Amino acid sequence: MFDELAGWHGNYDTPTGTKLLHELVTHDVNHPSVIFWINGNEGGHNYDLDPLFAKEDIQKRPVIHAWEVFGGFDTQHYREYNYGIGSYDLGHEIVMPTEFLHGMYDGGHGAGIEDYWEAMWQNPLSAGGFLWDFADNGVIRTDKNGILDTDGNHAADGIVGSYREKEGSFFTIKQVWSPIKIERREIAEGFDGTFTIENRYHFTNINQCSFSGKLVKTAFGTTKASEQSFTVTAPSLKPLEKGTIRANLPAHWQSFDVLYITAFDPQKKELFTWSFPISLPEKIAATVVKTEGTGNVQISETDSLYTLSANGMQLVLHKGNGRIQQVKNGSGVIPLTNGPVLQEGVNNFKSFTRRTEGKNVIIESTFDRKNSYNTLQWTIYPSGWVKMQVKYFPGAYFTNLVGVNFSFPEEQAKSVRWMGNGPYRVWKNRMKGNQLGVWEKAYNTTSTGEPPLTYPEFKGYHSNLYWMQLETKGQPLTVVTPDEDLFFRLFTPKPIVDEYNNVQMTFPSGDLSFMQGISGIGTKTQKPETTGPMGMKHIYYDYEKEPMRAKVLTVYFNFSGKN
């Protein structure tokens, strides 16, 4: 614990400060958890008071100035990742920011923490840091019909709400700051159940902790989910050592979709639950997507439109750009239109042709290295399912957003159920904290930190999509992908008031998006790119539009109106 003599952007005069300092130390001197005294915060330092701490404190504990370089500690606030010229990260003092990654709205806190924390962990002169702050500070206003007032963004900067509602950053921090770290693991053929871990405790052996595991078979439609537990062998690992744990898996473990491991501290409190995919999207898509049908795909043309029909579904595509003009079935219209539209890419799908492949009908654009190097292909199956495949190049070497958009009326949305990482939305610089699974949440308009709070937020980016079912006031829309690492975006959160223009919640055009690259989010004091490498733009070279180098994005649509 750091015990602070108040003062902020202005300090107490010496007579007043002397009295307050005496009361502070007299009251707290015997608290064993107090390891530092702080003489003022953010410029609230009265240097005449510094020697008085040692006179009052029999233990002579160190004194620091929060946000200054003082007493061998550099505690500057809200400095950028890799900040300093012979100072801070690049200096010789112990680095310990007493405030960093300010949590205004959904920015800061978890957004950027992984980059900061891993750099701190590797730096022998780093003593950690303090996030601002833990909880939103709201006042119930009896003069305003009992609303919870956080004064806009001035007091809504916690990782939990005023009633301890957990934001997405709460779980990101829980994973990143876990004293047990499980390294990334790809479960491939030959997997033997071992995971590399690091003991980031300073006084606890891993054999004082415990682990549990389970395998889950996910459900889609009318299929039922199932799970099976397994034991995990915990090794003897001293503080700061690396080693392995072993999942004692059943012989048929590969018949499941997801593997989970949970770590518990010596008091049996959960540290975190990690998830690892066994089944990749391509395998799940093969079980969900139905391509066979008894009838044939019917097609008609006008000067500007293709109209395709199969198994009661009708899809109308524009012949000039390949975008959806209308989708309907026997129950009415599904209002997905005006897509795909490339985001931060050249929309040059041109010269569409039609052909048949078995019982399937294919509508596709023509590749030309100069004029139509991005291509779009639609495949309509007799079942009524439709496949969209886009091969494209990002519009520049550095981009914020990479993917395609569609229009869909937000007022029609009721809820979403999906298989992917969840249940919280993500940002490019806040990917940790979720688990792979099947999730569901109702539509809400929550703006993070602004009451009323309904978490998780509905709108935003969601990672590692396998399939999605959007329930609407009309008919449901089902989307499936065989691609790994695909994001889906649900609408656009409420614009925020940020006088410094640092938070920068950047979203594509349109309403629904399928993305291979999303944006980061900034903080009150930093733009996304200064929170670390994860907050920087995406980088991709097109190799002079060489077709084999194009990004490939594939999704399947079920326009039948049935899940």
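Rules of the game
- Residues numbered from 1 in each chain as written.
- Predicted model: local features only at pLDDT ≥ 70, side-chain atom pairs only at ≥ 80, totals over all residues.
- Heavy atoms only, no water.
- Buried < 20%, exposed > 50% of the residue type's maximum accessible area, 1.4 Å probe, protein only.
- Helix = DSSP H or I, 4+ residues; strand = E, 2+ residues; numbered from the N terminus.
- Pairing = 2+ DSSP bridges.
- Axes fitted to C-alpha atoms, helices over the stretch in contact; angles between N-to-C directions.
- Patch = residues over 30% accessible without salt bridge, like charges linked within 9 Å, V, L, I, M, F, W, Y side chains within 5 Å.
- Areas by Shrake-Rupley, 256 points an atom, 1.4 Å probe, with all protein chains shown as cover.
- Salt bridge = Lys/Arg side-chain N within 4 Å of Asp/Glu carboxyl O.
- Arc of directions from axis to C-beta.
- Contact = heavy atoms within 4.5 Å.

### Observations concerning the pairing of strand β32 (residues 477-480)
The alternating pattern of β32 places L477 and V479 on one face and T478 and V480 on the opposite face, and all of these are buried. Summarising the sheet, strand β31 (residues 467-472) and β32 pair through four bridges and their orientation is antiparallel. If you follow Q469 over to β32, its bridge partner there is T478. Counting the residues in the hairpin turn of β31 and β32 gives four residues.

### Observations concerning the sheet that holds strand β16 (residues 298-301)
If you walk across this open sheet you meet the five strands as β16-β17-β18-β19-β20, and the pairing is antiparallel. Here the strands that pair on one side only, and so sit at the sheet edges, are β16 and β20 (332-334). Neighbour-to-neighbour, the strand axes of the sheet open up by a mean angle of 20°, direction not taken into account. Direction of pairing for strand β17 (residues 305-310) relative to strand β18 (residues 313-318): antiparallel, over a ladder of six bridges. Its bridge partner being in β18, T307 is matched across the sheet by V316.

### Brief notes about a nonpolar patch on the surface
Residues Y397, F398, I539, Y541 and Y543 make up a contiguous nonpolar surface patch of roughly 520 Å² in combined accessible area. Note on F398: relative accessible area 45%, which makes it partly exposed.

### Considerations on helix α5 (residues 281-288)
An α-helix turns once every 3.6 residues. As a result, residues three or four positions apart point the same way. Within α5, the full set of buried residues consists of P281, I284, A285 and V288. For α5, the buried positions fall inside an angular range of 100° around the axis, keeping them on one side. Exposed residues lying more than 90 degrees from the buried face of α5 are E282 and A286. Contact partners of the buried residues in α5: β25 (385-392), β28 (413-422), β31 and β32.

### Overview of the environment of K55
Note that K55 resides in helix α2 (residues 50-56). On the basis of relative accessibility, which here comes to 68%, the residue K55 falls in the exposed class. The spacing of K55 and H22 is 33 residues in sequence and 9.7 Å in space, taken between C-alpha atoms.

### Some details on the sheet that holds strand β2 (residues 36-41)
Pairing in this open sheet of three strands is parallel, and the strands run β1-β2-β3 from one edge to the other. Either end of the sheet is taken by a strand with one partner, and the two such strands are β1 (2-8) and β3 (63-66). Taken pair by pair, the neighbouring strands of this sheet meet at an average axis angle of 20°, ignoring direction. Strands β1 and β2 of the sheet are contacted by helix α1 (residues 14-28), whose axis makes an angle of about 160° with β1.

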